[in-house]
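Okay, here's what each chain looks like letter by letter:
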Amino acid sequence: MSGTATTRRATPFSYAVIVALALLSLGPILVMIATSLKTKPDIFSGSFSLIFMPTLENYRAVLGDSQNARYLTNSLIVATISTGLTLVFGCMAAYAIVRFRFFGRDVVSGGTLLMRMVPPAVLTVPVFMIWTYEFGLSNSLSGVILVYTAINLPFVIWILQSFIAQVPPALEEAARIDGANDFQVFFLVVLPMIRPGLAAAAIFTFRIAWNEFILALVLTNRFTRTMPVKVSLFINEHNIEWGQIMAIGTLIAIPPLVFTFLASRQIITGMTAGAVKG
Amino acid sequence: MPSRQGLNRATPYFFLAPAAAVALVGLVYPMLRSVWLSFHEWSIGTPPESARFVGLENYRWLVADDAFWVSVGVTLAFALAVVVLEVVLGVALALVLDRDLRGTSLFRTIFILPMMIAPIVVGLIWRFLYNEQFGPLSQALKALGLPGVPWLSSPDMALLSVIIADVWQWTPFIFILALAALQGLPASAIEAARIDGATRWQTTWYIKLPLIAPVIAVAALLRLIDAFKVLEVIYILTEGGPGLSTEILSLHIYKTAFVSQQLGRASALSNLLLLIVLVLTLLLVLARSLRESRAGKE
């Protein structure tokens, strides 16, 4: 047992506190899921209750709408492709920054940190203008993919740097002596060793791309919309269909929630690496 | 072997090239364009070449615009409130729960759930919770015999309601980092304090907190920078209203550009927001290097 000298024993009170906090975190999410499984009369009955006859009616309505199916597909395409591109480009760049001394290295490394902090809202106007009038990328999924890859790259480079720095250089040396070139060393020796880092980076990237709203709102039309954009339009209609909205909300929340349960350790490692190291 | 040497020197640039190309096209160029556009008047639907150069007019207009200053005030109030609340709550909870708890990893998983779901969805959830007719919060108040609260419809309450949603989502971030820092403290320091007769309270206040302060400072700065990025939750909850009571800068940029269609002015706004974030980032770099130099001495 580590830290027995400093770590005090748990008391019933500490368990009570942590359980209360867990309920506080989960409660609002459970309210959303419960509402998505309710009929309209149940939602508006005037007393919120967790006891009701669950129905999949809202999901049937949401997924039966071909528009929604299309927007979900768009979200999936955009998030998957941009995550793939970000990871490949990002791990290569992180490797260059960690392992090589080259002209301009400090600029690249400092610039990465600065660009990581740019609020997406700041990009809406220029990206809208450039994509529409210079690149011909407006209302296309590739336009959204390009900007998502760009905003996620600094973050991925940042996270992966600390993982790459932990790979023992002796391993790379050994591979070089065996005749591997720099690219073989990277792809066959370094990449397999930073798999946990790649997993964390992939989850964070996918989450940001899947959840992103404001750039997608500005860059898409009614064919290329992603799901977060759709739901924002849906909620400002006059008669809010709460059951269906919560069904869409749950659908949007499912991939991040699943990732969290599958890989909470990697997520916390990534979060800590992002905040503490770098 | 000269050819091998040549490859070595070029290698880092090969590795960097794809990322650099994407960042140049998708980040650097747009930001330069934003600076350019802030000195022009341009309307949607016309090619950018037809934009008219207006010098500092957009900035002059901003400084004279009351809505801009209201938005600055709302942004600062929001950012400071969420950071202070999240740091105080997160650190306090970490101190209380720095114990040999069973099931810590399950609890940690639960605590990161709110951070992982889309801000848009967080907005939906809280808009439902805050609903004055059938929202669970109002119902709970009614069940307790308390009067209803105009969560989102009153200009005095709306900002607080938005802050509560952010605190719900992000306090666990500080909590998890603070707990990790506490559990990583050297046992010797705490042991020594205890032998010297320090009370539990003194140990916390004079030993533990100062030791984790650098981590907390970095985490707080990260949250502060993120607070300037917040847009979605507020867009869904209030769309900046009632009045301008929750119109933070990023939302104000969006509305200026795509609702009032004043793109030059929106660019000027964007550049100002960028400047604020830039200054905060430099502070972050400073805090980090201070911490590293301190860690190096130990």
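Residues numbered from 1 in each chain as written. Chains lettered and ligands numbered in written order. Predicted model: local features only at pLDDT ≥ 70, side-chain atom pairs only at ≥ 80, totals over all residues. Heavy atoms only, no water.

The next point concerns the overall build of chain A. If you tally the helices and strands in chain A, you get 14 helices and 0 strands. Overall, chain A shows an N-to-C arrangement of helices and strands of α-α-α-α-α-α-α-α-α-α-α-α-α-α. For chain A, the C-alpha atoms occupy an extent of roughly 70 × 65 × 30 Å along the three principal directions. Residues counted as buried form 57% of the 278 residues belonging to chain A. Of the contacts made within chain A by residues no fewer than 6 positions apart, 72% connect residues no fewer than 24 positions apart. Total accessible area on chain A is roughly 11,700 Å²; 66% of this is exposed by carbon and sulfur atoms. (Helix = DSSP H or I, 4+ residues; strand = E, 2+ residues; numbered from the N terminus. Buried < 20%, exposed > 50% of the residue type's maximum accessible area, 1.4 Å probe, protein only. Contact = heavy atoms within 4.5 Å. Areas by Shrake-Rupley, 256 points an atom, 1.4 Å probe, with all protein chains shown as cover.)

Per-residue confidence for chain B gives a mean pLDDT of 89; residues scoring 70 or more make up 96%. The model gives residues 1–6 of chain B a pLDDT under 50, and that stretch makes 2 contacts with residues more than four places away or in other chains. (pLDDT = per-residue confidence, 0-100.)

Our focus in this paragraph is the packing of aromatic side chains. For the structure shown, the criterion picks out 30 aromatic pairs over all chains. Taken together, a centroid distance of 5.4 Å and an interplanar angle of 70° make the contact between F102 of chain A and Y13 of chain B edge-to-face. Of this pair, F102 of chain A sits in the loop between α4 (66–99) and α5 (105–116) while Y13 of chain B sits in helix α1 (residues 2–38), placing the two residues on different chains. Since its relative accessible area comes to 37%, Y13 of chain B is described here as partly exposed. Between F68 of chain B and W69 of chain B the ring centres are 4.9 Å apart and the planes differ by 65°, which places this aromatic pair in the edge-to-face class. Overall, F68 of chain B belongs to the buried group, its relative accessible area being 7%. Members of the aromatic cluster, connected to one another through ring pairs, are Y95, F100, F183, F186 and F187 of chain A together with F14 and F15 of chain B. The ring of F234 of chain A carries the charged tip of K230 of chain A above its face, separated from the ring centre by 5.0 Å. One Lys or Arg, R265 of chain B, reaches over the ring of W61 of chain B and ends 3.6 Å from the middle of that ring. (Phe/Tyr/Trp six-rings, centres within 6.5 Å; stacked < 30°, edge-to-face > 60°. Lys NZ or Arg CZ within 6 Å of the ring centre and 35° of its normal.)

Considered for burial, the residues of helix α6 (residues 136–143) of chain B that qualify are P136, S138, Q139 and L141 of chain B. Elements in contact with the buried residues of α6 of chain B: α1 (12–36) of chain A together with α5 (119–129) of chain B. After α6 of chain B finishes, the residue G145 of chain B shows a positive phi value of roughly 80°.

A cluster of nonpolar side chains, contributed by L114 of chain A together with L275, L278 and L282 of chain B, occupies part of the molecular surface with about 340 Å² of accessible area. The dominant element in the nonpolar patch, judged by the number of residues it contributes, is helix α12 (residues 263–297) of chain B, at 3 residues. Within the secondary structure, L278 of chain B is located in helix α12. By relative accessible area, which is 35% here, L278 of chain B ends up partly exposed. (Patch = residues over 30% accessible without salt bridge, like charges linked within 9 Å, V, L, I, M, F, W, Y side chains within 5 Å. Salt bridge = Lys/Arg side-chain N within 4 Å of Asp/Glu carboxyl O.)

Moving on, we come to the interface of chain B and chain A. Counting residues at the interface gives 103 residues for chain B, matched by 107 residues for chain A. Broken down residue by residue, the surface that chain B buries against chain A is led by F15, R99 and M116 of chain B, which jointly contribute 9%. In this assembly, chain B and chain A are joined by 1 salt bridge. Between chain B and chain A we count 13 residue pairs in polar contact (both at pLDDT 80 or more) in total. No other element matches α1 of chain B, which puts 23 residues into the side of chain B that touches chain A. (Buried area = accessible area lost by both parts, 1.4 Å probe. Polar contact = N/O pair within 3.5 Å; in protein donor to acceptor, adjacent residues only side chain to side chain.)

Summarising the element assignment, F183 of chain A is placed in helix α9 (residues 182–193). Along the chain, F183 of chain A and M92 of chain A lie 91 residues apart, while their C-alpha atoms are 9.6 Å from each other. Other than its neighbours up to four places away in sequence, F183 of chain A contacts F14 and F15 of chain B.

Let us now look at the pattern of salt bridges. Tallied over the full model, the rule gives 15 salt bridges over all chains. Where E172 of chain A meets R99 of chain A, a salt bridge forms, and the shortest distance between an N and an O atom there is 2.9 Å. Here E172 of chain A is found in helix α8 (residues 169–177), whereas its partner R99 of chain A is found in helix α4, with 73 residues between them in sequence. Put simply, K229 of chain B and D226 of chain B hold a salt bridge, and the shortest N to O gap is 3.9 Å. The class of D226 of chain B is partly exposed, set by a relative accessible area of 28%. In the salt-bridge network here, residues are joined through shared partners; they are E86, D166, R223, D226 and K229 of chain B.

All names here are of chain A. Within the secondary structure, S36 sits in helix α1. Here the side chain of S36 touches Y59 through a polar contact of 2.7 Å, side chain to side chain. Excluding anything up to four places from it in sequence, S36 contacts T55, N58, Y59, G243, M246, A247 and T250.

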